[in-house]
Structure formats: C-alpha cells, structure tokens
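Here is how the chains run, residue by residue.
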Amino acid sequence: MEALIPVINKLQDVFNTVGTDIIQLPQIVVVGTQSSGKSSVLESLVGRDILPRGTGVVTRRPLILQLVHIDAEDRRKTNEENGIEGEEWGKFLHTKNKIYADFEDIRKEIEAETERITGNNKGISDEPIHLKIFSPHVVSLTLVDLPGITKVPVGDQPNDIEIQIRELILKHIANPNSIILAVTAANTDMATSEALKVAREVDPDGRRTLAVVTKLDLMDAGTDAMDVLMGRVIPVKLGIIGVVNRSQLDINQKKLVADSIRDEHAFLQKKYPSLANRNGTKYLARTLNRLLMHHIRDCLPELKTRINVLAAQYQSLLNSYGEPVEDKSATLLQLITKFAAEYCNTIEGTAKYIETAELCGGARICYIFHETFGRTLESVDPLGGLTTIDVLTAIRNATGPRPALFVPEVSFELLVKRQIKRLEEPSLRCVELVHEEMQRIIQHCSNYSTQELLRFPKLHDAIVEVVTSLLRRRLPVTNDMVHNLVAIELAYINTKHPDFADAIGLMNNNLDEQRRNRMKDLPPSVPRDKGAASSLQSAPGAEHGDGGTGNWRGMFKKGEEGLPGDRTYHQFLPPASPQRGHAVNLLDVPVPVSRKLSAREQRDCEVIERLIKSYFLIVRKNIQDSVPKAVMHFLVNNVKDCLQSELVGQLYKTALLNDLLIESEDMAQRRNEASDMLKALQKASQVIAEIRETHMW
C-alpha cells in the first residue's frame, strides 16, 4: 500500500502541468490561525528548514508539499544523473527540472515566488506553489500549507482579507478527498479554535479531520493539555496529537530539527509519560502516512471512474473542435454539403439531433398547417360581420327600381365574395409562420447539427445570409400563389358545385317543412284554403327557380307579408298614409321604428344566409387544403431542392476560401487546452492502471 502515495503524487504532477483542479486528489490540508505553528509542523515532518519564518503573515500562498521517501538505490541513481551530492533535495514545478540540494535555496525560492505574485507587503494569492522534497528521512505524504486565519488586515491587505483567506481555505478543504489537519496552539482554549470550526463546516461528522495541538511547552504554569489530548474537551474522530515546536529563538540560533524532535520526545516523557508514545512529530508523520494511504485506497475506485468519464468528455469536446484545416477547398464543400443535408433532414424529421423541448422543423410546419392555420380557418364565422339588415339591404340594392319576385342572385354573389375575402389574411399569415420556422431551422442546424460551423464564424454568417436570401426570394412568390388561390375562388362562384347543389336541395326541403308548420299554426280566422292557395302559388316560382334561370327559389306572395315573424329589427319606416292603413309613402322622411320583419323578408334573409354559409364552407375547405400544398411546393420543397446548389454557387469560390475558413480567435486556444487536458487524463488513467489490487492492501 506504500505505492499508493507516489501514485497520487504522479497524478498531482500530471494535472499541475495543465493548471487545473478538475480532479480532486487525496491530500492533507493544513488549517490553522495565524502563527499557530502550521509551518513548524510541516518543517518537523520534513526534518529540514525549508519554509519562510517570522511573525505576522508569512504563508501568503498555498504551498503544495509532496514528501517522497527514497531508498539508497534511487538516491544513488539521481545523484549520478544530475551530478548532485547529498541524500536530500527539492524540486519546484515552476522551475521545471532544476534541483535544489541546498534547503536554504528552497526557502529563498519560496519567498521570491511568493513576492512575485503577491508583492512584498502582506498580500495573499490563491495560486499555489508546488514543491517536491526527496529524502530517505521522510514518509511519503502530500500536504497543503495555507495562509493562517486572520481577522484584521495589515500592510496592503484588503479590508476583506478575512473573507478571502476563509474562501481560500474552504476551497481546499471542501474537497471530499482531502484530510483536514486542524492546527491549534495549546496555550489557547480549544473551544475557540478557528481551525476546528472551519473544519466542522465542511466535515460535520469529523470523518476526515485530525487535530494537532502545538506549543505544549508554552502552556501556563499549573496547567496541562491532558484533557485536550485525551479528547475530553472536544472529541475528534481521527484523533488529537500534541507536538512541541521550535521557538523563534531556536530558529534564530539555527537549532536543527532533529535536535528539536529529540527535545520534544524528552518533554513528552517528562510531562505526559502515559501519552508520549501517541504524541510527537514522529507519531504524527506515521499517522498522517497511514491515514493518507487508507484515504487514497478508499478514493481510488471513484477517482478512476471520474478520470475515465472526463477523458471521454474531453475526447468528444476535442472532436467537436475539429482538426486544423489543411485542404480548405474540400473542407468548405464538406461543410456546405453537411449543412444542406442537415437542413433538409430537420424538415423531413430524420435529423441526428432531435429537439425534445419544443417542436422544430417539419413537425413545426405540420403543426402550423393543421393546428394553427386549420383552427384559425375553422374559427372564421361564415356570417361574421354580416347582419340581417346587411343581407336585406344587399337584396334590395340588387333589385334596382323594380320590385323583385325572386331573390336576386347578384346579392348572393356580392355577399359571399365579401365573406370569402376574409380567408386571405389567415392564409398569408400561414405563409409567414412557415417562413419564420424555415429561418429558425438555420439556427437549429448551426447549434446542434453542424458544430463545425461554430469554428468558422464568417462561414456561418455567409451560410445564414445565403439561406435567408433564398427564403426571402421565395416568400413573395408563395404569397402571390396564396393570394391567387383566394382570387380564383372569388373569380367564379360555382353554384353548380356538387356539394352546393346538395345543400340547396336540403335547404328547400327544410323551408317546405317550415312553411307547413306555419300553416298548421295559423289562427282559426285565417281560412286554410287561403294558406293552401298561397302554398300552391309559391310552387311555380320554386319550379322556376330550380329550372336554371339564375334564381334559386320564388317564395314571395302578397298574402304572407303580414304574417308574424320571429325577428325584430330597427327599420326606417315612413308614417302610414291616412287613406289606406297598409300604404306607405316612400318619399316621406324615414323615421326609425322598431318592427318585426315580414315573413317574406325573413325567408329572403334565411335563403341568402344559408346559401352563403353553405358556399363559404366549400371554399374554406378548398383553401384549407390548397394553401398548405402551395406553401410546400413554392416555399419548403423549392428551398430544399435549391439549397445546396445555391450555397455552392454563392460560397464555393476560390477567392472566398481563405476568408470564410478563418477560425474564431479562441477556437485554436480551446482546442489546445482540450488536447492538453485529454493527454493529462489519458496519462492519469495509465498511472492508475499500473496499480495492482495487491498494492491496495
């Protein structure tokens, strides 16, 4: 299982090269307040002075410290290859392969690199420094040293320094694969520990938190840390380990870490003999090594899955970016052909990417034809905007100065044309809706079907312009055809239409039945034979009307004008003449009077209204059928057939090749980033694949 920590170090190196934290690797994160002894604990684990020391804020950038245990054979090989002497050395990621054998140089490089990013006046940064220490005296560990938690800004630190540091700490410890090393000074109250408080926010169960109590030798006289170390004050699941750090005086006097560890052991034996074997720097190092190895073992299966999933995603992303263009002519023709095919497939419903959020392409056009347009036509009232007075007025105007014996055909034609004309607006609106959907298909194909177009913004814009222009040219032609369809219906009112003849016959039967019903309802004072005679008088007119003279039915007679009707309207009637009660003077000024329509007027209006409705329904059915066919032929199918030839003719030109196939500025950069990340993930997958099951136990 010792092999697991080097594996994680390799993975860390792999992902550091691409500068991303996309994979959350297992590591130990050191958290604590400012000057609580975090850096001293790390130096004790390394066994050498490598970190900047002092008062106030010293650690101002995250330091990712990888401790690598090497044996004598590895040390000898490295010394021979690099021409260095000594058994310990360090390497920084930012200095590439440069080896630091002098740990004083390592400390200076950390200071220089910190000041390069954060300045020299207490500012902080979240950009980490990566340091690797190779030594036979360390156990393999990966630790992250973070800036200490502070409250008051000093120097040129911003006013929100506390929030910045807190967010930086949370960013690292929120990683579920990290172990939190919460450092607290023994000369402060454990209940006020900021490190444990922050750790508990992301790890409420304490499953990955280990507490370290520093400065055991600086506690007030008469007090000890026994209760704290035993976990009686605040229990921590992974345990609480006490250590003794070097004082600032010891550091100034260059006291060796090895001597400090020896003095620490003596102090623990004297003050805490019963706990000495479970505290101290050496025990802390072994515990961290064991915890990290077990943690890596638990995280590894999920880590492997995560890396494989990401590798597949980045491979797909890289494929969408495409390869750099070599043969521009072939690439342009391929893109044009693919776009035209996808456009047609979207209309036909055979596209690779089918929209699930809303109707698109051919399905949307079908919806426009049969739902939107169909329902709109069905909602048009055959007699809408036409009152009985309008019908009656049209009948009277069509007769001229002579009283009419029959309902004039001209009035029917005038009125029915007026109603048919109302079908033109929804028909043209149908064309407009289909045209808009054809425009939307362009964007759909660009976004979903042909991702390659996004690489070449100028080509994309040119294709959109060509297709839009083609649609724009076809729109007037289609509108003219739809306009003509309505004009054709208006040009000839075919009263011999089979459906219309059937409707007239049915209507005649209904009128005869209504007349018979009225005859039954006559009061007793009206002789039945008069009613019968009246009925007989109307028969020749009916036969005459059905004989093809241009009138449908003669149904007017003198005796029925006084019969009660069932409609009441305001008519302009003159005052009655004093000589005869039923005479009217047409030259008198009309006075609006409310009266019921006569039976003849009712019958005339009913005849015209029923005929209009019957003929309108026939025409509406024709329009509902012919307009979608016209739109499909003149707009949709025409664009489908001409699209590719139009695109090739407009864009496939030598003079335009270089201009159209210029990639967007960030496409090459994104392709390189995706390629680097894919290589890193593939390498990480190989590293993990090298682990055998036996390594994990």
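Residues numbered from 1 in each chain as written. Predicted model: local features only at pLDDT ≥ 70, side-chain atom pairs only at ≥ 80, totals over all residues. Heavy atoms only, no water.

1. What about the overall build of the protein chain?
Then comes step 1: Scanning the protein chain for helices and strands turns up 21 helices and eleven strands.
Then comes step 2: Taking all 697 residues of the protein chain together, the buried fraction comes to 46%.
Then comes step 3: On the protein chain, roughly 35,800 Å² of surface is accessible, and the fraction owed to carbon and sulfur atoms is 52%. (Helix = DSSP H or I, 4+ residues; strand = E, 2+ residues; numbered from the N terminus. Buried < 20%, exposed > 50% of the residue type's maximum accessible area, 1.4 Å probe, protein only. Areas by Shrake-Rupley, 256 points an atom, 1.4 Å probe, with all protein chains shown as cover.)

2. What to know about the sheet that holds strand E9 (residues 240–242)
Then comes step 1: Taken together, the nine strands give an open sheet; going across it, the order is E4-E3-E5-E2-E6-E1-E7-E8-E9, and neighbouring strands pair in mixed fashion. The two strands at the open ends of the sheet, each matched to only one other strand, are strand E4 (99–100) and E9.
Then comes step 2: Pairing analysis gives three bridges linking strand E1 (residues 27–32) to strand E6 (residues 141–145), with the strands arranged parallel. Bridge assignment links Val30 to a residue of E6, and that residue is Asp145.
Then comes step 3: Sitting on the sheet, helix H5 (residues 161–173) is in contact with E1, E6 and strand E7 (178–185), with an inclination near 155 degrees to E1. (Pairing = 2+ DSSP bridges. Contact = heavy atoms within 4.5 Å. Axes fitted to C-alpha atoms, helices over the stretch in contact; angles between N-to-C directions.)

3. Concerning the environment of Ile493
Then comes step 1: With respect to the helices and strands, the residue Ile493 is situated in the loop between helix H16 (457–491) and helix H17 (498–520).
Then comes step 2: We classify Ile493 as buried; its relative accessible area is 6%.
Then comes step 3: Sequence separation between Ile493 and Phe412 is 81 residues, and the spatial gap between their C-alpha atoms is 9.6 Å.
Then comes step 4: For Ile493, the contacting residues outside a window of four places in its chain are Phe412, Glu413, Val416, Lys417, Ile420 and Tyr615.

4. Topic: the state of the cysteines
Then comes step 1: Following the criterion strictly, the structure yields zero disulfides and no others.
Then comes step 2: Not engaged in a disulfide, the cysteine Cys360 finds its nearest cysteine sulfur in Cys445; these two sulfurs lie 7.6 Å apart. (Disulfide = S-S within 2.5 Å.)

5. A short note on the packing of aromatic side chains
Then comes step 1: A complete count under the given rule lists five aromatic pairs for this structure.
Then comes step 2: Arranged with centres 5.4 Å apart and planes meeting at 20 degrees, the rings of Trp89 and Phe134 form a pair that is stacked. Taken as a pair, Trp89 in strand E3 (residues 89–92) and Phe134 in strand E5 (residues 129–135) lie far apart in primary sequence, 45 residues in all.
Then comes step 3: On the numbers, 5.3 Å between centres and 90 degrees between planes, the contact of Phe92 with Tyr100 is edge-to-face. Side by side, Phe92 and Tyr100 carry an identical accessibility label, which is buried. (Phe/Tyr/Trp six-rings, centres within 6.5 Å; stacked < 30°, edge-to-face > 60°.)

6. With respect to the side chain of Gln419
Then comes step 1: Of note, Gln419 is situated in helix H14 (residues 409–420).
Then comes step 2: The buried category is assigned to Gln419, whose relative accessible area is 1%.
Then comes step 3: Setting aside its immediate chain neighbours within four residues, Gln419 contacts Asp381, Pro382, Leu383, Gly384, Leu386, Ile612 and Phe616.

7. Digging into the pattern of salt bridges
Then comes step 1: One pass over the structure, following the stated rule, counts 18 salt bridges.
Then comes step 2: Put simply, Glu348 and Lys640 hold a salt bridge, and the shortest N to O gap is 2.1 Å. Here Glu348 is found in helix H11 (residues 328–348), whereas its partner Lys640 is found in helix H19 (residues 599–651), with 292 residues between them in sequence.
Then comes step 3: The class of Glu348 is partly exposed, set by a relative accessible area of 48%.
Then comes step 4: The closest approach of N and O atoms between Asp625 and Lys629, which form a salt bridge, is 3.0 Å. In this pair, Asp625 and Lys629 are both assigned in helix H19, four residues apart and thus about one turn of the helix distant.
Then comes step 5: Residue class for Asp625 comes out partly exposed when judged on its relative accessible area of 41%.
Then comes step 6: Ionic contacts of the salt-bridge type, sharing partners, join the residues Arg61, Glu113 and Arg116 into one network. (Salt bridge = Lys/Arg side-chain N within 4 Å of Asp/Glu carboxyl O.)

8. Thoughts on the pairing of E7
Then comes step 1: Of all the eight residues making up E7, eight are buried; the element is thus mostly covered by neighbouring parts of the structure.
Then comes step 2: Both faces of E7 are covered, namely the face carrying Ser178, Ile180, Ala182 and Thr184 and the face carrying Ile179, Leu181, Val183 and Ala185.
Then comes step 3: Where E1 lies against E7, six bridges are found, and the strand directions are parallel. Paired with Ile28 across the two strands is Ile179, which belongs to E7.
Then comes step 4: Two elements, E7 and strand E8 (residues 209–214), share six bridges in a ladder whose sense is parallel. When the bridges of E8 are listed, Val183 appears paired with Val212.

9. So, the packing of helix H12 (residues 362–378) against H19
Then comes step 1: Interaxial distance between H12 and H19 falls to 11 Å at its minimum, and their mutual angle equals 150 degrees. By the angle between their axes, H12 is roughly antiparallel relative to H19. In terms of crossing hand, the pair formed by H12 and H19 is right-handed. Across the interface between the two elements, Ile365, Phe369, Phe373, Gly374, Leu377 and Glu378 of H12 pack against Arg620, Ile623, Gln624, Val627, Pro628, Val631, Met632 and Val636 of H19.
Then comes step 2: When its residues are assigned to classes, the contact of H12 with H19 shows ten nonpolar, two polar and two charged. (Parallel < 35°, antiparallel > 145°, perpendicular 65-115°, else oblique. Left-handed = near helix turned anticlockwise from the far one by under 90°. Nonpolar A, V, L, I, M, F, W, Y, C, P; charged D, E, K, R; others polar.)

10. Brief notes about helix H13 (residues 388–399)
Then comes step 1: Here H13 spans 17 Å end to end across twelve residues, near enough to the 16 Å set by a 1.5 Å rise per residue.
Then comes step 2: When we look at burial in H13, the residues that qualify are Thr388, Val391, Leu392, Ala394, Ile395 and Thr399. Buried residues along H13 cover an arc of 160 degrees about the axis, so they all sit on one side.
Then comes step 3: Among the residues trailing H13, Gly400 stands out with phi positive, at a value near 70 degrees. (Expected span 1.5 Å × (residues − 1). Arc of directions from axis to C-beta.)

11. Things to note about the pairing of E5
Then comes step 1: With seven of its seven residues buried, E5 lies for the most part within the structure.
Then comes step 2: As paired strands, strand E2 (residues 63–69) and E5 are joined by seven bridges and run parallel to one another. Bridge pairing links Val68 to Phe134 in E5.
Then comes step 3: Summarising the sheet, E3 and E5 pair through four bridges and their orientation is antiparallel.

12. Remarks on unusual backbone geometry
Then comes step 1: For Lys215, which is not glycine, the phi dihedral falls at a positive 60 degrees.
Then comes step 2: The topology assignment puts Lys215 in the loop between E8 and helix H7 (226–229).

13. Quick notes on the nonpolar core
Then comes step 1: Counting residues in each nonpolar core, the largest one holds 69 residues, and the members touching the most others are Tyr343, Leu459 and Leu647.
Then comes step 2: The greatest single-element share of this core, amounting to 19 residues, is contributed by H19.
Then comes step 3: Filtering out sequence-adjacent residues up to four positions away, Tyr343 remains in contact with Met438, Ile441, Ile442, Cys445, Val467, Leu471, Val639 and Leu643. (Core = buried A, V, L, I, M, F, W, Y, C linked by side-chain atoms within 4.5 Å.)

From the geometry alone we can't say anything about function, so treat these as descriptive.
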